[in-house]
Amino acid sequence: MKEKLQQIQTSVEELLKQISDISALENIRVQYLGKKGELTSVLRGMGSLSAEERPQIGALANKVREFLEKSIEEKKISLEKAARANNLKAETIDVTMPGKISPNGKLHPLTQVMNEVKDIFIGMGFSIAQGPDVEYDYYNFEALNIPKHHPARDTQDTFYVNDNIVLRTQTSPVQVRVMEKQKPPIRIISPGRVFRSDAVDATHSPVFHQIEGLVVDKGVTMSDLKGTLETFLKALYGKDARVRLRPHHFPFTEPSAEVDVSCFVCGGEGCRVCKNEGWIEILGAGMVHPKVLANCGIDPEIYSGFAFGLGLERITMGRYDIDDLRLFYENDLRFLQQF
Ligand code: PHE
């Protein structure tokens, strides 16, 4: 029995040297120390020993068991350590390798300037209203004091869907839609696409963008219009920007004005961008015509208002010194990536 015990110890020693993975180690443990393991069955046979032999063999058996347990545990620790080291090695990242660059998209320059304009007006307490691109003749013209055969229709190069429906030529119809629904005080801007059947060139496109503004309340005057536009244009072009109103005519405002801003390139000295004028025209504006208020069910004796419309392409071109409108719509990445 003594020999058997020593044999168990040597063969476990041998086996432990050979193995290199945890599951083999577990097999060895079961094979020797398990309920039906070899050491266990030797211990079970102790009953048949004589009274002198028993303590001797028992002490030896205990020593062998301790030895097995200890060396299996040590092997386990060293195998786990090796496994961890292997993993770390396999997962090593070479930080000197060149990275994969995933290209970032950007907002279109028109969208960027549109967002800026919206932010400025929202900061001034305006909210945003929207209307349809495909519009009734009534909203685009009639309600805005532009009856059939009015000469102003000729200047708008309208796309007609049928006799009553057009692609809106301006964002002004949104004024009418808002006033029909909402009673004063009204303070909105309405950005959107407009359509005119113009031939494409450096300054014309059949689709472009306007931003409409409308304020209606008791006691609104022309000086409120001027102050609002001045605040807006200084926010957009810097505090040195100056504003000039020139008399003009729109059927839906009275009086009407075209609004210029001092040239943001030369500051008013005269340069290529402002064609030596020192001023750049960017807006149409005026006091909402009493007939338009009345068309929308707002009493012009009680309320007054101002409206304005600005061209997004125009201000974006000025902003970035872009001399050809077509660049906005070609989606050439070499152009777009500059913004
Ligand atoms: N709708 C006009 C245009 O397209 C601009 C405008 C808007 C003028 C509001 C006055 C008031 O030219």
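Since we're looking at a predicted model, the values are computed, not measured.

**Student:** What exactly am I supposed to notice about the site of the ligand here?
**Tutor:** Near the ligand there are 14 residues, and of these Gln170, Ser172, Arg196, Gln210 and Glu212 occur at the shortest range. The separation between an oxygen atom of the ligand and a polar side-chain atom of Arg196 is 3.1 Å. Its free accessible area being 320 Å², the ligand has 90% of it covered by the protein chains. Taken together, the residues that form the shell around the ligand break down as five nonpolar, seven polar and two charged.

**Student:** How should unusual backbone geometry be read in this particular structure?
**Tutor:** With the exception of glycine, most residues fall at negative phi, and the peptide bonds are largely trans. Here the residue pair Pro184 and Pro185 is connected by a cis peptide bond, since its omega of 5° sits within 30 degrees of zero. Along the chain, Pro185 turns up in the loop between helix H7 (173–181) and strand S4 (186–195). Here the amide bond leading from Glu254 into Pro255 is cis, since omega sits at -5°, within 30 degrees of zero. As for its placement among the helices and strands, Pro255 is situated in strand S7 (residues 253–262). In this structure, Asn331 is a non-glycine residue whose phi angle is positive, near 55°. Relative to the helices and strands, Asn331 resides in the loop between helix H11 (327–330) and helix H12 (333–336).

**Student:** Which parts of the structure should I look at to understand the nonpolar core?
**Tutor:** Soluble globular proteins tend to pack their nonpolar side chains together in the buried interior. Ranked by size, the top nonpolar core spans 41 residues in total, and within it Leu233, Phe308 and Ile315 carry the most contacts. Of all the elements in the fold, those that place two or more residues in this core are helix H5 (109–123), strand S5 (207–217), helix H8 (222–237), S7, strand S8 (279–288), strand S9 (304–311), helix H10 (312–320) and H12. Discounting chain neighbours no more than four positions away, the residues touching Phe308 are Phe121, Ile189, Ile211, Glu212, Gly213, Leu225, Leu229, Leu283, Gly284 and Ala285. Counting 23 residues, the second largest nonpolar core, distinct from the first, contains Ile146, Val178, Met179 and Ile298.

**Student:** Would you mind going over the packing of aromatic side chains with me for this structure?
**Tutor:** The way to describe two aromatic rings as a pair is by their centre distance and the angle between their planes. This structure, assessed with the given rule, holds eleven aromatic pairs. Judged by centre distance (5.1 Å) and plane angle (70°), the ring pair of Phe121 and Phe126 falls under edge-to-face. Note on accessibility: Phe121 and Phe126 belong to one class, buried. Note on Phe328 and Tyr329: the rings are 6.4 Å apart at their centroids and 70° apart in plane angle, and the pair reads as edge-to-face. By the ring-pair criterion, three or more aromatic residues cluster together here, those being Phe121, Phe126, Phe232, Phe306 and Phe308.

**Student:** Hey, could you run me through the pattern of salt bridges in this one?
**Tutor:** Should their charged atoms come close, side chains of opposite charge can pair. For the structure shown, the criterion picks out 16 salt bridges. We note a salt bridge from Lys4 to Glu38, for which the minimum N-O separation is 3.8 Å. Taken together, the residues Lys4 in helix H1 (residues 2–18) and Glu38 in helix H3 (residues 38–44) connect sequence positions 34 residues apart. Note on Glu38: relative accessible area 27%, which makes it partly exposed. Because the salt bridges share partners, they merge into one network encompassing Asp137, Glu142, Lys148 and Arg153.

**Student:** How should the packing of H5 against H10 be read in this particular structure?
**Tutor:** Two quantities define a packed helix pair, namely the angle between the axes and the distance from one axis to the other. Relative orientation of the contacting elements H5 and H10 amounts to 105°, with a least axis distance of 10 Å. Relative to H10, H5 is oriented roughly perpendicular. Of the residues in H10, those in contact with Pro109, Leu110, Gln112, Val113, Met114, Glu116 and Val117 of H5 are Leu312, Glu313, Ile315, Thr316, Arg319 and Tyr320. Within the contact of H5 with H10, the residues separate by chemical class into eight nonpolar, two polar and three charged.

**Student:** How do you make sense of the environment of Asn62 when you look at a structure like this?
**Tutor:** For Asn62, the position within the fold is in helix H4 (residues 53–90). Residue Asn62 is classed as partly exposed on the basis of its relative accessible area, which comes to 37%. Between the C-alpha atom of Asn62 and that of Leu39, which follows or precedes it by 23 residues, the distance is 9.9 Å.

**Student:** Whenever I open this one, the pairing of S4 confuses me. Can you help?
**Tutor:** Each regular strand shows side chains that alternate between the opposite faces of the sheet. The buried fraction of S4 amounts to eight of the ten residues, a majority that puts the element mostly inside the structure. By the bridge criterion, two bridges tie strand S1 (residues 127–128) to S4 in an arrangement that is parallel. Following the sheet pairing, Ile128 is matched in S4 by Ile189. By the bridge criterion, ten bridges tie S4 to S5 in an arrangement that is antiparallel. Across the sheet, residue Ile186 finds its bridge partner in S5, namely Val216.

So, how was this worked out
Residues numbered from 1 in each chain as written. Predicted model: local features only at pLDDT ≥ 70, side-chain atom pairs only at ≥ 80, totals over all residues. Heavy atoms only, no water. Near = heavy atom within 4 Å. Polar contact = N/O pair within 3.5 Å; in protein donor to acceptor, adjacent residues only side chain to side chain. Areas by Shrake-Rupley, 256 points an atom, 1.4 Å probe, with all protein chains shown as cover. Nonpolar A, V, L, I, M, F, W, Y, C, P; charged D, E, K, R; others polar. Helix = DSSP H or I, 4+ residues; strand = E, 2+ residues; numbered from the N terminus. Core = buried A, V, L, I, M, F, W, Y, C linked by side-chain atoms within 4.5 Å. Buried < 20%, exposed > 50% of the residue type's maximum accessible area, 1.4 Å probe, protein only. Contact = heavy atoms within 4.5 Å. Phe/Tyr/Trp six-rings, centres within 6.5 Å; stacked < 30°, edge-to-face > 60°. Salt bridge = Lys/Arg side-chain N within 4 Å of Asp/Glu carboxyl O. Axes fitted to C-alpha atoms, helices over the stretch in contact; angles between N-to-C directions. Parallel < 35°, antiparallel > 145°, perpendicular 65-115°, else oblique. Pairing = 2+ DSSP bridges.

The quantities given are spatial measurements derived from coordinates; they are silent on function.
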